[in-house]
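Examining the three-dimensional arrangement
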Amino acid sequence: MICLELTGATLRENLTLLQSHTNFVNMAELRIDLLTTDERAAIAGFPGQVEQALGRPLGRALPLICTVRRASDGGSYVASESERLRLLEEGITAGFAYVDLESDLRESPAGKAVGEHARVTGCEIIRSIYDPVGQPADAEAIVRRLSDDGREIARLTVTPRTTADLVVLLEAADRTRDVRKILIGTGPYGFPTRILSRRFGSMLTCVSAPGTEQAAPGHIGPVDLTTLYRFRDITPDTRLFGIIGSPIAHSRSPQYHNRRFAADQLNARYLPILVDDVQAFFNLADRLPFHGVSVTMPHKEAVLPFLADVDAGTTAAGSCNTFVRRMPGAAPPGWFGVNTDVPGFLAPLREALGENPGGLGVTVIGAGGAARAVVYALVQEGARVLVVNRSVDRAAGLVSDLQPLGSGGGAIASASLAPDTDLNGYRDVIVQTTSVGMHGVGDPAPWLRFDGTELVYDIVYTPPETPFIVRARSAGCRTVTGDRMFDAQADAQYRLFSRLAVS
Ligand code: ATR
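Given the structure is predicted, the values throughout are model-derived calculations rather than measurements.

Conventions we followed
Residues numbered from 1 in each chain as written. Predicted model: local features only at pLDDT ≥ 70, side-chain atom pairs only at ≥ 80, totals over all residues. Heavy atoms only, no water. Salt bridge = Lys/Arg side-chain N within 4 Å of Asp/Glu carboxyl O. Helix = DSSP H or I, 4+ residues; strand = E, 2+ residues; numbered from the N terminus. Buried < 20%, exposed > 50% of the residue type's maximum accessible area, 1.4 Å probe, protein only. Arc of directions from axis to C-beta. Contact = heavy atoms within 4.5 Å. Right-handed = clockwise from strand over helix to strand, strands pointing away. Pairing = 2+ DSSP bridges. Domains from an automatic or database assignment. Buried area = accessible area lost by both parts, 1.4 Å probe. Polar contact = N/O pair within 3.5 Å; in protein donor to acceptor, adjacent residues only side chain to side chain. Core = buried A, V, L, I, M, F, W, Y, C linked by side-chain atoms within 4.5 Å. Near = heavy atom within 4 Å. Areas by Shrake-Rupley, 256 points an atom, 1.4 Å probe, with all protein chains shown as cover. Nonpolar A, V, L, I, M, F, W, Y, C, P; charged D, E, K, R; others polar.

As enumerated under the stated definition, the model contains 38 salt bridges in all. The residue Glu152 makes a salt bridge to Arg106 at a minimum N-O spacing of 2.9 Å. With Glu152 in the loop between helix H6 (139-147) and strand S6 (153-158) and Arg106 in the loop between strand S4 (98-102) and helix H5 (109-121), this pair connects stretches of sequence that are 46 residues apart. Because the salt bridges share partners, they merge into one network encompassing Glu29, Arg69, Arg70, Asp73, Glu81, Arg84, Asp100, Glu102, Asp104 and Arg155.

Next up, the structure:
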């Protein structure tokens, strides 16, 4: 179930929020702590207003949760505890289907009385603990205690601080399959719990409407959850894919792959996973399980020891941007690493040239991980490559590593990235692979004068219009921008993933 967090300052605001999202949600939680003091006095009328606005009885159609979250639990309520209990009592009487009562209310006589009132009224109790800063080690024991042998719905909201925490949370979820519960990891490390709430055994996932005060960090909007992640159609058979990196929140890959899975009607989803520790991610990937994974900074080298086998592009680049689970029976079993930057770089180049780059003279600016994949691709195709880098030793190292792999008839040389370096003979194509130009700032070779005949290719795609590309285009050069390479390498990944997805 999808629960919309009603986080407006007024009941009217919350009603409007609910009305515009009824098609996307199954229930809603009124966050009374976020209402103004005046509005709190009027909550008794809210279930009736919702019923009227929706034109159908609330009951099971759109159950409401009544919650007054204290500031100490990550909410906004700071007034007296007796007034808070009175508000909860009012919600119970007013016809809210559920009331959220924190675990400590089991201890005090006044708190017990509220619970008793809920029980006799038929308002279900959600017994909660909210940890806004961390995650208790004994999540399983806590969930069981909250549940009170099934008499109440256990709600444990925690804040995983590492990928390993997420694994621990999943283990706790697996061990409490028999318990009716709401289990949510907030914050960036907890994001997968929001999409995979059923996998985490949680009866609901909470969403906040975009533009509202977010009820908790890491929330996702109801439209993204239902349309991009197709939440309602996620089943135990859904194959999981994702991208690991740090940071990861702004990756374009989830949009790209989820749209294609949906278009091809594949029961597969692709999630952004914030990863601080690659080993912990592989534990998660085996448990969930994952079937294919994209890799971005800073893990492209760190994943290598975990792969059973890799393609030649990965060996050459010394880095891997994709790995997939090998088919059952494949030898060796485990993960297979692929560097899709190699075909991803070549596809738009071939298109722009109208032919393979074999025999052409190419300057590659930069000698980092990305340059290695680019140089390998070019040499395999039989191009003659000059690698120019700020640190010339690094360029020389790249050349000596890749030269033995050059089976395609190409050749590689290195030089310094400097105005006096002679690029003659290497000007058919000029490829820019350094990070200079990211965020639209900087030019790695401002002294380089284009004569208009070069094909200029910048692999930076944030933004694709780098100063280098703009300068090349104004000199009359044909250009290829980094977004083309991004799409082509993503397409190569998708072809690997879709073979492992199920329809
Ligand atoms: P990636 O894996 O994305 O290629 P990397 O391995 O850190 O990243 O490599 C970054 C590349 O950008 C290197 O070629 C680096 O040059 P050095 O090897 O001399 O460091 C290049 N680079 C980064 N900042 C630069 C700058 N301001 N001017 C020129 N080159 C730069």
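Take helix H1 (residues 11-19) next. Listed as buried for H1 are Leu11, Asn14, Leu15, Leu17 and Leu18. Each buried residue of H1 lies within a common arc of 160° when the element is viewed along its axis, so the set occupies one face. Residues of H1 that are buried sit in contact with strand S1 (2-6), strand S2 (27-31), helix H2 (37-40) and helix H3 (46-54).

To continue, consider the pairing of strand S16 (residues 384-389). By the criterion of burial, S16 is predominantly enclosed, with five of the six residues buried. Crossover handedness for the path strand S15 (residues 361-365) to helix H14 (residues 369-380) to S16: right-handed. In this sheet, strand S17 (residues 411-416) lies alongside S16 in parallel orientation, the contact comprising six bridges. Bridge pairing in S17 links Asn389 to Ser416.

Let us look at the domain arrangement of the protein. Looking at the assigned domains, one finds that the protein contains domain 1 (2-234), domain 2 (241-340 + 489-500) and domain 3 (342-487). Distance from the C-alpha centre of domain 1 to the C-alpha centre of domain 2: 33 Å. Of the residues lining the interface, 21 residues belong to domain 1; the matching set on domain 2 comes to 24 residues. Summed over the three residues of domain 1 that lose the most area to domain 2, namely Thr163, Leu228 and Arg230, the buried surface amounts to 31% of that side. Connecting domain 1 to domain 2 are two salt bridges. A salt bridge links Asp174 to Arg287; its shortest N-O distance comes to 3.4 Å. At the boundary of domain 1 and domain 2, one finds ten residue pairs in polar contact (both at pLDDT 80 or more). Secondary structure elements with two or more residues in the side of domain 1 that touches domain 2: helix H7 (163-175) and helix H8 (191-195).

Quick look at H3 now. Residues spaced three or four apart along an α-helix point in a common direction, a consequence of the helix completing one turn every 3.6 residues. Turning to H3, its buried residues are Phe46, Pro47, Val50 and Leu54. Burial along H3 is one-sided: seen end-on, the buried residues are contained in an arc of 100°. Buried-residue contacts for H3 involve S1, H1, S2, strand S3 (64-67) and helix H4 (81-94). Two residues or fewer after H3 comes Gly55, characterised by a positive phi angle close to 70°.

To continue, consider the nonpolar core. With 79 residues, the main nonpolar core has Phe281 and Phe323 as its most contacted residues. Residue contributions to this core peak at six residues, all from H7. When residues of this core are assigned to domains, at least three map to each of domain 1 (2-234) and domain 2 (241-340 + 489-500). Residues within four places of Phe281 in sequence aside, it is in contact with Thr163, Ile244, Ile273, Val275, Phe290, Val293 and Phe323.

It is worth spelling out the site of the ligand at this point. In the neighbourhood of the ligand, 13 residues make up the surrounding shell, with Ala367, Asn389, Arg390, Ser391 and Arg394 lying closest. Within the contact set of the ligand, an oxygen atom lies 3.2 Å away from a backbone nitrogen or oxygen of Gly369. Compared with its free state, where it exposes 640 Å², the ligand has 67% of that area covered by protein. Taken together, the residues of the shell around the ligand sort by class into four nonpolar, seven polar and two charged.

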